[in-house]
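This is what each chain is made of:
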Amino acid sequence: MNPILIAILAAAVIMNLVAFFLMRYDKQCAIKGKWRVPEATLFLVTALFGGIGGTAGMLVFRHKTKHWYFRLFFPLMMVIQIGIIIYAVIKLG
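Described below are features of the structure shown in this document. (Residues numbered from 1 in each chain as written. Predicted model: local features only at pLDDT ≥ 70, side-chain atom pairs only at ≥ 80, totals over all residues. Heavy atoms only, no water.)

### With respect to the packing of aromatic side chains
Selection rule: Stacked, edge-to-face and tilted labels apply to pairs of Phe, Tyr and Trp rings (six-membered ring for Trp) whose centres lie within 6.5 Å, assigned for plane angles under 30 degrees, over 60, and everything in between, in that order.
Taken as a whole and assessed by the stated rule, the structure comprises nine aromatic pairs. Both rings, one in W68 and one in F73, keep their centres 6.4 Å apart while their planes meet at 50°; by these two values the pair is tilted. By way of ring pairs, the aromatic residues F43, W68, Y69, F70, F73 and F74 are connected into one cluster.

### Section: unusual backbone geometry
Spelled out, the test is: Counting from the N terminus, the helices are the DSSP runs of H or I reaching at least four residues and the strands are the DSSP runs of E reaching at least two.
In the Ramachandran plot, F49 falls in the positive-phi region, its phi being about 65° despite a non-glycine side chain. Mapping F49 onto the fold places it in the loop between α2 (39-47) and α3 (51-60). In this structure, R62 is a non-glycine residue whose phi angle is positive, near 50°. Take R62: it is sitting in the loop between α3 and α4 (68-92).

### Let's talk about the environment of T41
Tracing the sequence through the fold places T41 in helix α2. Separated by 37 residues in sequence, T41 and M78 place their C-alpha atoms 16 Å apart.

### Remarks on a nonpolar patch on the surface
Cut-off, in case you're wondering: Candidates for patches are residues over 30% relative accessible area with no salt bridge; among them, like charges are joined within 9 Å and nonpolar side chains (Val, Leu, Ile, Met, Phe, Trp, Tyr) within 5 Å. Under the convention used here, a 1.4 Å probe and the Shrake-Rupley method define accessible areas, while residue burial counts only the protein chains that appear. One speaks of a salt bridge when a side-chain nitrogen belonging to Lys or Arg is within 4 Å of a carboxyl oxygen belonging to Asp or Glu.
A cluster of nonpolar side chains, contributed by W68, L72, F73, L76, I80 and I84, occupies part of the molecular surface with about 580 Å² of accessible area. You can see F73 is positioned in helix α4.

This is the structure:
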């Protein structure tokens, strides 16, 4: 398997885990009334190949689902990132 493809897939897995657990952490902070994760940080992690994790975290933890921009852009980033990963697997695999 191509080392570049392995690096891309590893980065995607890590960023998706970070995005998922960041959504969980922010939800817990919201419940407890603690300092929150800035929305820009949630978007940045999701944009940097965390689309699946960010979207899954949003749905699993029912967090940020009332904000239209999260409901629109998280799934959009997820679809784009899945397309990029499929393209990379086809071209580099």
